[in-house]
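Structural overview
Chain by chain, the residues run as shown.
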Amino acid sequence: MKLKSLTGLAVVAAMGFVSCQSGTKNASSADSAKIDSAAVVKLVADSFKKEIDGKQTALYTLKNKNNAEAVFTNYGGRLVSLLVPGKDGKLVDVVVGFKSVGDYEKSTEPYFGATIGRYGNRIAKGKFTLEGKTYSLFTNNGQNTLHGGKKGYQYVVWDAEQPNANTLVLHYLSKDGDENFPGNLDVKVTYTLTDDNELKMDYEAKTDKTTVVNLTNHAFFNLNGDGSGEILNHELQIYADEFTPVDSTLIPTGKLEKVAGTPFDFTKATTIGARINDKNEQLTFGKGYDHNYVLNKTAGMGMYHAATVKGDKSGVVMDIYTQEPGLQFYSGNFMQSKNTFKSGAKDDFRTAIALETQHFPDSPNQPAFPSTVLKPGQVYKTSSVYKFSK
């Protein structure tokens, strides 16, 4: 997160990004992906039209010259589908999701593909103190607050604008007292699908009262495709030498621990399942991986190179770049086969992963962690890129 003062300082653009492309014509080169109708589920726009809280939901499709597509709904600012070229030239839907807005409403897992806020990840015991005042939040994850509380941004109908074929702009005014957070928070999130097969996520927010902010996207990825089974053979590399260990309620202890010599060492590409069942207290607490990694500031695209993931069947490679200091790696440990994806498959145990760029969990109560405080006159501005290759 970068904070830019509105008085005396210019707000600078996000670093290192390829400018967005607005062309809509499909390329005919050999690099363009071939659509495999047997593997890709066509979403029906009418299935995403509904009035919720007096606002209309809809489906929005971003396209690039390679036939890649990113499909969103403004209900929860959710990434519903992401089609990228695999090793055989066919498109692979690397994000799990549902076929209708109604399926998202009734899902027992509320975060599939959602834009998360006001505070992504956990806040201990639903309490924090700012400028001498203690705020109490709704505790929706045991004794803690997770991803903004009872009605986080995953349940919001965002105002949406699609200025060109590549870009979706979402806006939401989170009012003072929303989920008991202080301040009117004006939030803008811009999603862009570039012709380099990058999904850019640009976040911006302003407040009229001191508050805390930690925005992210909670896409669940399976690089072999929606409904293709477990992700345990995906190869993962995380550019982090430390992580933040947690207590039994998944709140950071405040310490930073070295990953070397532990099941959390992904400094070299390793299959996710290689050590996930090792006897380890941290793995027991998370029922697998559900931990924040402290990025080691490996440079990439003018940001930090956070992670590289490769699908073992599809050959799809996902590189994550961010301006954030942390990355939450979640290995799908709480997926319970209670929901049906757009592919027709159930959301079975460990059939998708989340890799969320972020500030650290519980930062409002951890003074040694990078600050998530936003004050009036400042601009919260941060960007992440998910880049796909084969």
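Residues numbered from 1 in each chain as written. Predicted model: local features only at pLDDT ≥ 70, side-chain atom pairs only at ≥ 80, totals over all residues. Heavy atoms only, no water.

1. Considerations on the overall build of the protein chain
Spelled out, the test is: Here a strand is any run of E in DSSP of at least two residues, a helix any run of H or I of at least four, and the numbering for each starts at the N terminus. For this measure, only C-alpha atoms enter the radius of gyration; the expected value for a globule follows 2.2 Å times N^0.38, where N is the number of residues. Whether a residue is buried, partly exposed or exposed follows from its accessible area with a 1.4 Å probe, protein chains only, as a fraction of its type maximum: under 20%, in between, or over 50%, in that order. We call two residues in contact whenever any of their non-hydrogen atoms come within 4.5 Å of each other. In this description, accessible areas are obtained by the Shrake-Rupley approach with a 1.4 Å probe, and a residue is regarded as covered only by the protein chains that are shown. A residue counts as positive if it is Lys or Arg and as negative if it is Asp or Glu; His and the chain ends are not included. Every charge is mapped onto a representative atom, which is NZ of Lys, CZ of Arg, CG of Asp or CD of Glu.
If you tally the helices and strands in the protein chain, you get two helices and 30 strands. For the protein chain, whose C-alpha radius of gyration is 20 Å, the value lies close to the compact-globule estimate of 21 Å for 390 residues. The buried share of the protein chain, reckoned over its 390 residues, is 59%. Across the protein chain, every contact between residues at least 6 apart in sequence was considered, and the portion connecting residues at least 24 apart equals 69%. Roughly 15,300 Å² of accessible area belongs to the protein chain as shown, and the carbon and sulfur atoms make up 48% of that amount. Here the protein chain contributes 44 positively and 42 negatively charged side chains, and the mean placements of these two sets differ by 1 Å.

2. Overview of the nonpolar core
Applicable threshold: What is meant by a nonpolar core is a set of buried Ala, Val, Leu, Ile, Met, Phe, Trp, Tyr and Cys residues, joined one to another through side-chain atoms within 4.5 Å.
Within the largest apolar cluster, 61 residues are counted, with the highest numbers of intra-cluster contacts made by Leu 82, Val 94, Phe 221, Tyr 293, Phe 329 and Phe 388. Ranked by residues supplied to this core, first place goes to strand S15 (residues 185–193) with five residues. Excluding its chain neighbours within four sequence positions, the residues that come into contact with Phe 329 are Leu 236, Ile 238, Phe 266, Ile 272, Tyr 289, Asp 290, His 291, Tyr 293, Ile 353, Ala 354 and Leu 355. Leu 43, Phe 112, Met 335 and Ala 352 belong to the second largest nonpolar core, which has 19 residues in total.

3. Some thoughts on the sheet that holds strand S21 (residues 257–258)
Quick note on the threshold: Any two strands are treated as partners once DSSP identifies two or more bridges connecting them.
Here we have five strands laid out as an open sheet, ordered S21-S20-S23-S27-S28, and antiparallel in their pairing. Looking at strand neighbours, the two that pair on one side only are S21 and strand S28 (354–358), the edges of this open sheet. Of the pairings in the sheet, the one linking strand S27 (residues 326–330) to S28 comprises five bridges and is antiparallel in character. Considered in S28, the bridge of Gly 326 is made with Gln 358.

4. Topic: the packing of aromatic side chains
Spelled out, the test is: Aromatic pairing here means that ring centres of Phe, Tyr or Trp (its six-membered ring) are within 6.5 Å. Orientation follows from the plane angle: under 30 degrees is stacked, over 60 is edge-to-face, and everything else is tilted. Any Lys NZ or Arg CZ found within 6 Å of a ring centre and within 35 degrees of that ring's normal is scored as a charge over the ring.
Under the defined criterion, the tally for this structure stands at 21 aromatic pairs. Ring geometry for Phe 112 versus Phe 341: centroids 5.5 Å apart, planes at 80°, classification edge-to-face. Highlighted residues: Phe 112 in the loop between helix H1 (101–106) and strand S8 (114–116) and Phe 341 in the loop between S27 and S28, separated in sequence by 229 residues. Given a relative accessible area of 0%, Phe 112 falls into the buried group. Within the aromatic cluster, the residues linked to one another by ring pairs are Phe 98, Tyr 104, Phe 112, Phe 220, Tyr 330, Phe 334 and Phe 341. Taking NZ or CZ as reference, Arg 275 lies 5.0 Å from the ring centre of Phe 266, over its face.

5. What to know about the UniProt feature "binding site: beta-D-galactose" (unreviewed entry) in the protein chain
As a reminder, the rule being used: UniProt positions are given in the numbering used here, feature names are shortened, and annotations may be inferred rather than shown by experiment. Counted as a polar contact is a pair of N or O atoms within 3.5 Å, where, for protein atoms, one must be capable of donating a hydrogen and the other of accepting one, and residues adjacent in sequence contribute only when both atoms are in side chains.
Feature annotation in UniProt places "binding site: beta-D-galactose" (unreviewed entry) on Asn 121, Arg 122 and Asp 290, given in this structure's numbering. For this annotated set, covering 170 residues, all C-alpha atoms fall within 11.4 Å of each other, a compact arrangement in space. Its place among the elements puts Arg 122 in strand S9 (residues 122–123). Polar contacts involving the side chain of Arg 122 include one to the side chain of Asn 141, which spans 2.8 Å. Inspection of the secondary structure puts Asp 290 in strand S23 (residues 290–295). Here Asp 290 is in contact with Arg 122, Leu 250, Gln 328, Phe 329, Tyr 330, Asn 333 and Phe 334, once residues within four sequence places are set aside. Only 3.0 Å separates the side chain of Asp 290 from the side chain of Gln 328, close enough to count as a polar contact.

6. What about the pattern of salt bridges?
Worth spelling out the cut-off: By convention in these notes, a salt bridge is any Lys or Arg side-chain nitrogen within 4 Å of a carboxyl oxygen on Asp or Glu.
Enumeration according to the criterion identifies 13 salt bridges in this entry. In this structure, Lys 50 and Glu 105 form a salt bridge, with 2.5 Å as the shortest nitrogen-oxygen distance. Within this pair, whereas Lys 50 is found in strand S2 (residues 50–52), its partner Glu 105 is found in helix H1, the two being separated by 55 residues in sequence. Relative accessible area serves as the criterion here: at 35%, Lys 50 is assigned to the partly exposed category. What makes Glu 105 partly exposed here is its relative accessible area of 30%.

7. Focus: the sheet that holds strand S6 (residues 78–85)
Using the following cut-off: The convention used is that axes are lines fitted to C-alpha atoms, helices contributing only their stretch in contact, and that angles between N-to-C directions extend from 0 to 180 degrees.
Read across the sheet, four strands follow the order S4-S5-S6-S7 without closing on themselves; strand pairing throughout is antiparallel. If you trace the sheet from one side to the other, it starts and ends with strand S4 (59–63) and strand S7 (91–93), each paired once. On average, each strand axis in the sheet is inclined to that of its neighbour by 15°, with strand direction left out of account. Summarising the sheet, S6 and S7 pair through three bridges and their orientation is antiparallel. Across the sheet, residue Leu 83 finds its bridge partner in S7, namely Asp 93.

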